[in-house]
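Summary of the model geometry
Residue strings, one per chain:
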Amino acid sequence: MDTQMYLAYDYPLLSMFWTMLWFFLWILWFILLFRIIADIFRDDALGGWGKAGWMAFVILLPFLGVLVYLIARGKSMGRREIEHAREKQQAFDAYVRETTGGGSRPSRAEELGRLAELRARGDISEEEFQRAKALVLNDDGPSTPADGTTTRP
């Protein structure tokens, strides 16, 4: 019983360090492998056979394949990664602009046309129409101060 208890605690600190280091390196290796596989499919300059060849090389001989891929195509891999990030950012910005209205305010004529249409349908009264028309023509919108109340300038 004493021997089993002794063995359970007989794992030196340096051995634990090396185990953690190897574990970290394996995780790093798999992340690098998956990034290279994603880069192979992302590259538009490679044809189908080129992609198939690189995939076979990386999968069948993973350590050598990854090393050769990084040496041969590492610079262009970085450029493609930056371009992909830039495209994602532009798509996100376009989505935000589209969702929020993008600051593209309708012209005064369009706003007056909509107001006249609302008045003709009876959705707003003549008094509301005149007030909104004055706001559109003066180009004064209600301002919102820091406390959140809406005031008129």
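Just above sits the structure.
What comes next concerns the included structure. (Residues numbered from 1 in each chain as written. Predicted model: local features only at pLDDT ≥ 70, side-chain atom pairs only at ≥ 80, totals over all residues. Heavy atoms only, no water.)

Let's shift gears to the overall build of the chain. Secondary structure assignment for the chain yields six helices and zero strands. N-terminal to C-terminal, the α/β element order of the chain is α-α-α-α-α-α. Of all 153 residues assigned to the chain, the portion counted as buried reaches 16%. Counted over contacts in the chain with a minimum sequence separation of 6, partners at least 24 positions apart contribute 39%. Of the roughly 12,200 Å² that the chain leaves accessible, carbon and sulfur atoms contribute 65%. (Helix = DSSP H or I, 4+ residues; strand = E, 2+ residues; numbered from the N terminus. Buried < 20%, exposed > 50% of the residue type's maximum accessible area, 1.4 Å probe, protein only. Contact = heavy atoms within 4.5 Å. Areas by Shrake-Rupley, 256 points an atom, 1.4 Å probe, with all protein chains shown as cover.)

This structure, assessed with the given rule, holds nine salt bridges. Its salt-bridge partner being Arg 42, residue Glu 81 comes within 3.0 Å of it at the nearest N-O pair. You can see Glu 81 sitting in helix α4 (residues 62-100) and its partner Arg 42 sitting in helix α2 (residues 13-42), a full 39 residues away along the chain. According to the relative accessible area criterion, Glu 81 is partly exposed, its value standing at 30%. (Salt bridge = Lys/Arg side-chain N within 4 Å of Asp/Glu carboxyl O.)

On to the packing of α2 against α4, then. Packing of α2 against α4 leaves a shortest axis separation of 9 Å and a crossing angle of 60°. Viewed along their axes, α2 and α4 form a crossing whose handedness is left-handed. Here Trp 26, Trp 29, Leu 32, Leu 33, Arg 35, Ile 36, Asp 39, Ile 40 and Arg 42 of α2 come into contact with α4, specifically with Pro 62, Phe 63, Val 66, Tyr 69, Leu 70, Met 77, Arg 80, Glu 81 and His 84. For the contact of α2 with α4, the per-class residue count stands at 12 nonpolar, one polar and five charged. (Axes fitted to C-alpha atoms, helices over the stretch in contact; angles between N-to-C directions. Left-handed = near helix turned anticlockwise from the far one by under 90°. Nonpolar A, V, L, I, M, F, W, Y, C, P; charged D, E, K, R; others polar.)

Looking now at the packing of aromatic side chains. Inspection of every chain in the model, using the stated rule, returns seven aromatic pairs. Ring geometry for Trp 54 versus Phe 57: centroids 6.1 Å apart, planes at 45°, classification tilted. Note that Trp 54 and Phe 57 are positioned in helix α3 (residues 48-60) at a spacing of three residues, about one turn of the helix. Phe 57 sits in the partly exposed class, given a relative accessible area of 26%. By the ring-pair criterion, three or more aromatic residues cluster together here, those being Trp 26, Trp 29, Phe 30, Phe 34 and Phe 63. For Arg 119, the ring lying beneath its charged end belongs to Phe 129, and the centroid distance is 3.9 Å. (Phe/Tyr/Trp six-rings, centres within 6.5 Å; stacked < 30°, edge-to-face > 60°. Lys NZ or Arg CZ within 6 Å of the ring centre and 35° of its normal.)

Now for a nonpolar patch on the surface. On the surface, Leu 14, Phe 17, Trp 18, Trp 22, Phe 24, Leu 25, Trp 26, Leu 28, Phe 30, Phe 34 and Phe 63 cluster together to form a nonpolar patch covering roughly 1,200 Å² of accessible area. The element that contributes the greatest number of residues to the nonpolar patch is α2, accounting for 10 residues. Mapped onto the elements of the fold, Trp 18 is located in helix α2. (Patch = residues over 30% accessible without salt bridge, like charges linked within 9 Å, V, L, I, M, F, W, Y side chains within 5 Å.)

What follows is about the packing of α3 against α4. Contact pair α3 / α4: the axes reach a minimum separation of 5 Å and the direction vectors enclose 135°. By the angle between their directions, the pair α3 and α4 is classed as oblique. Only Pro 62, Leu 64, Gly 65, Val 66, Val 68, Tyr 69, Ala 72 and Arg 73 of α4 make contact with α3, whose side of the interface consists of Trp 54, Phe 57, Val 58, Ile 59 and Leu 60. Looking at the contact of α3 with α4 residue by residue, the class counts come to 11 nonpolar, one polar and one charged. (Parallel < 35°, antiparallel > 145°, perpendicular 65-115°, else oblique.)

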